[in-house]
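Now for the letters of each chain:
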Amino acid sequence: PHGDPIPQADGTINKLEAIRLTDLAAGKQARVERISDADAELLQYFAEHEVRVGTILEGRPGAPYSEAMEITLKGGGTLSLGRAATNAVWVLSTP
């Protein structure tokens, strides 16, 4: 449910084409492809704010010197996420 790659029958795993949300260019729209499940509290936070695999969002820089990113969710809602959160999300740019 968090977008982790599923191994093929021979055990190989297809390379994920997505990038970390941290690396999304400012003003670009993207679709969430994967969310790390390493931090249960972060997963809960994302769930409470409707961030899940398939969510469309747009990233903008946060406040200067904060290492934060402002995320606008398609359909409404804005979040300010720190680097630990943006590193836990992989996205693919959308046209």
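As a starting point, this report considers the structure included with it. Each chain has its residues counted from 1, following the order in which its sequence is written. Owing to the predicted nature of the model, reporting of local features is limited to residues with pLDDT of at least 70; listing and counting of side-chain atom pairs is limited to 80 or more, with chain, interface and lining totals taken over all residues. Side-chain metrics in this entry use all non-hydrogen atoms of the structure; hydrogen atoms and water are not considered.

Here's the deal with the packing of aromatic side chains
Where we set the bar: To pair, rings of Phe, Tyr and Trp, with the six-membered ring standing in for Trp, must have centres within 6.5 Å; the planes then decide the type, stacked if under 30 degrees apart, edge-to-face if over 60, and tilted in the middle. Here, a charge over a ring means that NZ of Lys or CZ of Arg falls within 6 Å of the ring centre while also lying within 35 degrees of the ring normal.
Counted by the stated rule, this structure contains one aromatic pair. Taking NZ or CZ as reference, Arg34 lies 4.2 Å from the ring centre of Trp90, over its face.

Some thoughts on the pattern of salt bridges
Note the following rule: By definition, a salt bridge exists where a carboxyl oxygen of Asp or Glu is found within 4 Å of a side-chain nitrogen of Lys or Arg. Burial classes follow relative accessibility: with a 1.4 Å probe on protein chains only, a residue under 20% of its type's maximum area counts as buried, one over 50% as exposed, and anything between as partly exposed.
Applying the stated criterion to the full structure yields three salt bridges. Among the ionic pairs, Glu33 bridges to Arg31, the shortest N-O distance being 2.6 Å. A residue is classified by how much of its surface remains accessible, and Arg31, at 33% relative accessible area, is partly exposed. Here Arg52 ties to Glu50 by a salt bridge, and the two come within 2.7 Å at their closest N and O atoms. Of the residues examined, Arg52 reaches a relative accessible area of 39% and is grouped as partly exposed. For Glu50, a relative accessible area of 47% corresponds to the partly exposed category.

Interpretation in functional terms is not warranted from these geometric data alone.
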